[in-house]
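Observations on the three-dimensional arrangement
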Amino acid sequence: MPMQKMKIVVACGGFSEENEVSKISSAEISRALQEKGHSVRVMDPADYTSYQEFISRIREQDPDIVFNGMHGSEGENGLIQALFELNGLAYTGSGVRASALAMDKYISGLLAESLGMTVPARRRLARGRLPRFEPDFPDLPLVVKPNDSGSSVGITIVTEPAQIKPALAEAALYSPFLLLEEFIPG
């Protein structure tokens, strides 16, 4: 039985710190879909004046599905998924709630713990707060990262106390909440 050819919009780029890697992966996704015979249009919200216009332009394409190739918080935290759902657009990937929960590293760690999984010791801080080290908090090295940003953006492995403040400042560029975690080598 032949595969049904689809009309697909690949959403990519955007305004997050990971827009360039999104464009690269989305170009590969688009190429692979076209090789399978699908009709593909790559669309970037940065090319439009607003998300409203971006969604309107996607709807004009009348796609069978939107392939979410957006990276970083913008494409992974549930907001673009909510826009797709509110506008009746089928899309790839997790839904709004799952995306929001997975993007929040602290909350997703709590969920994993509640299921009996082992997770690194961690503390969540508001931007601008210095960590208070407690007896049960791990020694150095530790990982400092934005709580809700994608991939490895803003992440520092701290090996000496003098690195903590600059690591917090780096992570704070990407999120109002920061995460300090036990370093697990490997």
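A few points on the structure. (Residues numbered from 1 in each chain as written. Predicted model: local features only at pLDDT ≥ 70, side-chain atom pairs only at ≥ 80, totals over all residues. Heavy atoms only, no water.)

1. Observations regarding the overall build of the chain
A count of helices and strands for the chain gives seven helices and seven strands. Ordered by position from N to C terminus, the α and β elements of the chain give β-α-β-α-β-α-α-α-α-β-β-β-α-β. If you line up the chain on its principal axes, its C-alpha atoms span 60 × 40 × 30 Å. Within the chain, the proportion of its 186 residues that are buried is 38%. Taking the contacts inside the chain whose residues are at least 6 apart along the sequence as the reference set, 64% of them involve residues at least 24 apart. Surface exposure of the chain reaches about 10600 Å², of which carbon and sulfur atoms provide 55%. Averaging the locations of the 18 positively and 24 negatively charged side chains of the chain gives two centres separated by 3 Å. (Helix = DSSP H or I, 4+ residues; strand = E, 2+ residues; numbered from the N terminus. Buried < 20%, exposed > 50% of the residue type's maximum accessible area, 1.4 Å probe, protein only. Contact = heavy atoms within 4.5 Å. Areas by Shrake-Rupley, 256 points an atom, 1.4 Å probe, with all protein chains shown as cover. Lys, Arg positive; Asp, Glu negative; His and termini not counted. Charge placed at Lys NZ, Arg CZ, Asp CG, Glu CD.)

2. Quick notes on the pattern of salt bridges
Here the structure, examined in full by the defined rule, presents eight salt bridges. Lys23 is the salt-bridge partner of Glu20, the closest N and O atoms lying 3.4 Å from each other. You can see Glu20 and its partner Lys23 sitting in helix H1 (residues 19-35), three residues apart, about one turn around the helix. In this structure, Glu35 engages Arg31 in a salt bridge whose closest nitrogen and oxygen atoms are separated by 2.7 Å. In this pair, Glu35 and Arg31 are both assigned in helix H1, four residues apart and thus about one turn of the helix distant. (Salt bridge = Lys/Arg side-chain N within 4 Å of Asp/Glu carboxyl O.)

3. Quick notes on the nonpolar core
Counting residues in hydrophobic clusters, the biggest one holds 13 residues, and the most contacted among them are Phe54, Ile58, Val66 and Phe84. Going through the elements one at a time, strand E1 (7-11), helix H2 (51-61) and helix H4 (79-86) are the ones with two or more residues in this core. When sequence neighbours within four positions are dropped, the list of residues in contact with Phe54 reads Ala11, Met43, Asp44, Pro45, Tyr48 and Ile80. Core analysis: the next-biggest nonpolar cluster, separate from the first, contains 11 residues, Leu125, Ala167, Leu168 and Ala172 among them. (Core = buried A, V, L, I, M, F, W, Y, C linked by side-chain atoms within 4.5 Å.)

4. Some words on the sheet that holds strand E4 (residues 122-126)
Spatial strand order, E4-E7-E5-E6: four strands in an open sheet with antiparallel pairing. The open sheet has two edge strands, E4 and strand E6 (156-158), and neither has a second partner. Strand-to-strand, the axes of this sheet are offset by a mean angle of 25°, without reference to chain direction. One ladder, built from five bridges, connects E4 with strand E7 (residues 177-182); its direction is antiparallel. Note that in E7 the partner of Leu125 across the bridge is Leu178. Strands in contact with helix H6 (residues 105-114) are E4, strand E5 (142-146) and E7; relative to E4, the strand with the most contacts, it is inclined by about 150°. Sitting on the sheet, helix H7 (residues 164-172) is in contact with E4, E5, E6 and E7, with an inclination near 25° to E5. (Pairing = 2+ DSSP bridges. Axes fitted to C-alpha atoms, helices over the stretch in contact; angles between N-to-C directions.)

5. Quick look at the packing of aromatic side chains
Tallying each qualifying case throughout the model produces four aromatic pairs. Here Tyr48 and Phe54 contribute two aromatic rings whose centre-to-centre distance is 5.9 Å and whose plane-to-plane angle is 45°, an arrangement assigned as tilted. Each member of the pair, Tyr48 together with Phe54, is buried. Ring geometry for Tyr51 against Phe54: centres 6.3 Å apart, planes inclined by 75°, an arrangement best described as edge-to-face. Highlighted residues: Tyr51 and Phe54, both in helix H2, separated by three residues, approximately one helical turn. Exposure remark for Tyr51: the relative accessible area of 28% places this residue in the partly exposed category. A residue is classified by how much of its surface remains accessible, and Phe54, at 0% relative accessible area, is buried. (Phe/Tyr/Trp six-rings, centres within 6.5 Å; stacked < 30°, edge-to-face > 60°.)

6. A short note on the pairing of E7
Consecutive side chains along a regular strand alternate between the two faces of the sheet. Of the strand pairs in this sheet, E5 and E7 are connected by five bridges, and their pairing is antiparallel. Residue pairing in the sheet places Pro146 in a bridge with Leu178 of E7.

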